[in-house]
Structure formats: C-alpha cells, structure tokens
Amino acid sequence: MNLDQVRYVDDAIASRHSVRAFLPKAVDPHIIKDILNVACRAPSGVNTQPWKVYVVTGQKRDEIVTRVCQAQNELMQNPELAQQYQETFPYYPEKWLSPFIERRRENGWGLYGLLNIQKGDKDKMAAQQLRNYQFFDAPVGLYFTLHRSLGIGSKMDLSMMIQNVMTAAKARGLDTCPQAAWNHFHSIVLAAVNAPEDEELVCTLALGYADESHIVNRFITPREPVENFTVFLD
C-alpha cells in the first residue's frame, strides 16, 4: 500500500461523522451490495460471521418509519407505554460517571445549541428525537441483528462490521448515522422485516447522501488526543 492509498483510507475514516440530514437522492442498490460485500470482511470470533442485515428502502422503509413514529408519539403522550418498548440489552450505563457524563452533555447541548433548541424546550426536543425514526430523511435504512444465543463477543464482531460499512460508504461519497434509538422499538422493526423470533436488533444505520446545506451537519464531535486514552509500555 503506497502513501496515497494510506491517506485515502485515513481520510475515509477521519472524515466519517454522524450525518443528521440527508438528501432525497436514491442510492443505487448495487452500491449498497458492494459496501456490504467489503464490510463482511470484518473479523469475527472463530469466523462466526454473526451479522444479519435488513436493508429497507422505498415503501418498506416508509411503512416502518410511519409505525415507529406513531409509537414514539404515543409514548411521548403516555410515558407509561415505555414498559412495552424495552431494549433487549442495555446500550448505555444505568449511572453515568465522569468523564463520560461530561462528554455526553457536551455532545447533546452542542447539537441542540446548533439547532437553537434551548433547555426545557420540550416540543423542539421531541421533534428532533422523532427525526431519529425518520432516518433523518435518508432513503436507506439498515437494521443489524444477531441471533439471541450469541454472546457479547458477537456484538463486538458486529460493531467492527458496522464500522466497515460506514467507512466503505464514506469512500463512495455516502454518509451514515449509526442509531441505537431504534432498539426500543425492536418488536415493531423485527416484525416489519419478518425477522425470526431468535434475532435481536443491535443497531440501525441511516445511509444516503448528506445534505451539506443543513446546519445540523456542521456538528462534528471532538476526539480526545491519543495521549489521553493510551498507555505506552516498553
């Protein structure tokens, strides 16, 4: 691999960020297949290749968006319904500790500040939260599932595969947004895609062409310097 190739790979990784506004431009199905064909080269323990992917576009995408947005709106009106929509595994900790809580707050208020959403503005917050379940207008949604019998290691394997999807998409001029928000509505999603009962929803990904003119896509999260998270031993 020469220096130009290294820089190309590095740029695809470093320029990836979560896009929250997409153009209505369709994505060629052959490009999606090419991305997944590359992404499945991700490593997995004893080559289990545990991932399964449901790609939704067109009418099926719109059907799921409508049903989940309706459920989210009902949940906002009646919080007691939350008992019906529980994740199959905890994505976030029950109690946030430092420095993670500070990073979470920085992320949330940085995004909301850009969108002029003030603390306590419940209507605007609810509207922005609903955007998750509209795939931020992306024309393609990908649902990643695993067999329920598999362990935590398979979630790590799947995570590496999803990273490959995002990097391969970026290299092809596409953008993405990984979403855990959908996990609460796994029962609706899995039924809509006719997934077997032994599968669980692990992650959702919005895929499409970024709307570069939308202010929300100016939001780029910071990263800690290498020295802050690495211990070098010799």
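See the structure printed just above.
Here's what I pulled together on the structure shown here.

Criteria and thresholds
Residue positions within a chain follow its written sequence, with the count starting from 1. Totals for whole chains, interfaces and linings use every residue, but because this is a predicted model, local features are given only for residues with pLDDT of at least 70 and side-chain atom pairs only at 80 or more, for both listing and counting. Only hydrogens and water are set aside; all other atoms, that is, all heavy atoms of the structure, feed into the side-chain values. Under the DSSP-based scheme used, a helix requires at least four consecutive residues in state H or I and a strand at least two consecutive residues in state E, with every element numbered from the N terminus. Two things to know: the radius of gyration comes from C-alpha atoms, and the globule rule equals 2.2 Å times the number of residues to the power 0.38. Categorising residues by exposure relies on relative accessible area from a 1.4 Å probe, with only protein chains included: less than 20% of the type maximum marks a residue as buried, more than 50% marks it as exposed, and the intermediate range marks it as partly exposed. Residues adjacent in sequence count toward polar contacts only when both atoms are side-chain atoms; beyond that, a polar contact is any pair of N or O atoms within 3.5 Å, and within protein one must be able to donate a hydrogen and the other to accept it. Multiplying 1.5 Å by the residue count of a helix minus one yields the expected span of that helix. Arc, as used here, means the arc of the directions from the helix axis to the C-beta atoms. We call two residues contacting when some pair of their heavy atoms lies within 4.5 Å. Each pair of strands is called paired provided DSSP finds at least two bridges between the two strands. Every axis in this analysis is a line fitted to C-alpha atoms, fitted for helices over the stretch in contact. Angles between the N-to-C directions lie between 0 and 180 degrees. Oblique is the label for every angle not falling under 35 degrees (roughly parallel), over 145 degrees (roughly antiparallel), or within 65 to 115 degrees (roughly perpendicular). Crossing handedness follows the turn of the near helix against the far one: under a right angle anticlockwise gives a left-handed crossing, and clockwise gives a right-handed one. A pair of Phe, Tyr and Trp rings is counted when the ring centres sit within 6.5 Å of each other, with Trp represented by its six-membered ring. The angle between the planes then sorts it: under 30 degrees is stacked, over 60 is edge-to-face, the rest tilted. By definition here, charges over rings are those cases where NZ of Lys or CZ of Arg is within 6 Å of the ring centre and within 35 degrees of the ring normal.

1. Remarks on the overall build of the protein chain
What the protein chain contains, in helices and strands, is eight helices and four strands. Shown N-terminal to C-terminal, the secondary structure of the protein chain runs as helices and strands in the order α-α-β-α-α-α-β-α-β-α-β-α. Here the C-alpha atoms of the protein chain give a radius of gyration of 18 Å, agreeing with the 17 Å that 2.2 N^0.38 yields for 234 residues. Seen along its three principal axes, the alpha-carbon backbone of the protein chain occupies a region of about 55 × 40 × 40 Å.

2. Quick look at unusual backbone geometry
At the junction of Ser-98 and Pro-99, the peptide bond is cis and its omega measures out at 5° in the coordinates. Phi is positive for Asn-116, which is not a glycine, with a value near 60°. Counting through the fold element by element, Asn-116 comes out in the loop between helix H4 (100-114) and helix H5 (122-132). Notably, Phe-135 is not glycine yet its phi reads approximately 55°, a positive angle. In this fold, Phe-135 is placed in the loop between H5 and strand E2 (140-147).

3. Describing the environment of Asn-228
Looking at the element boundaries, Asn-228 is found in helix H8 (residues 226-229). Taking the relative accessible area as the measure of exposure, Asn-228 reaches 53% and is therefore exposed. Polar contacts involving the side chain of Asn-228 include one to the side chain of Glu-224, which spans 2.7 Å.

4. Describing H4
Structural remark: α-helix, 3.6 residues per turn; residues separated by three or four positions point the same way. For H4, with 15 residues, the first-to-last C-alpha span of 21 Å sits near the 21 Å given by 1.5 Å per residue. Ile-101, Leu-111 and Tyr-112 are the residues of H4 that are buried. All buried residues of H4 fall inside an arc of 110° around its axis, so they share one side. In this structure, the buried residues of H4 make contact with H5. Asn-116 lies just past H4 and shows a positive phi near 60°.

5. Let's talk about the pairing of strand E3 (residues 175-179)
Judged by how many residues are buried, E3 sits mostly within the fold: four of five residues are covered. Pairing geometry for E3 and strand E4 (residues 199-208), over five bridges, is antiparallel. The partner of Gln-179 across the bridge, within E4, is Thr-204.

6. What to know about the sheet that holds strand E1 (residues 52-56)
Pairing in this open sheet of four strands is antiparallel, and the strands run E1-E2-E4-E3 from one edge to the other. Taken across any chain shown, the strands that pair with only one partner, and hence form the sheet edges, are E1 and E3. Geometrically, the sheet is characterised by an average inter-axis angle of 25° between neighbouring strands, direction not taken into account. Its contacts with the sheet put helix H6 (residues 152-171) on E1, E2, E3 and E4, and the angle it makes with E2 is roughly 160°.

7. Quick notes on the packing of helix H2 (residues 29-39) against H6
Axis separation between H2 and H6 bottoms out at 8 Å; the angle between their running directions is 135°. Taken together, H2 and H6 sit at an angle that is classed as oblique. The handedness of the crossing between H2 and H6 is right-handed. Between H2, through Ile-35, Leu-36, Val-38 and Ala-39, and H6, the contact on the second element is made entirely by Met-161, Asn-164, Val-165, Ala-168 and Ala-169.

8. Observations concerning the packing of aromatic side chains
In the structure shown here, the tally under the stated rule is nine aromatic pairs. Measuring from centroid to centroid gives 5.3 Å for Tyr-133 and Phe-185, while their planes differ by 90°, and the two rings are edge-to-face. With Tyr-133 in the loop between H5 and E2 and Phe-185 in the loop between E3 and helix H7 (186-192), this pair connects stretches of sequence that are 52 residues apart. Here Tyr-133 and Phe-185 have matching classes, each one buried. Among the aromatic residues, those joined into a cluster by ring pairs are Tyr-85, Tyr-133, Phe-135, Tyr-143, Trp-182 and Phe-185. Lying across the ring of Tyr-209, Lys-25 places its NZ or CZ 4.3 Å from the centre. In this structure, Lys-155 is placed above the aromatic ring of Phe-89, and the distance from its NZ or CZ to the ring centre is 4.8 Å.

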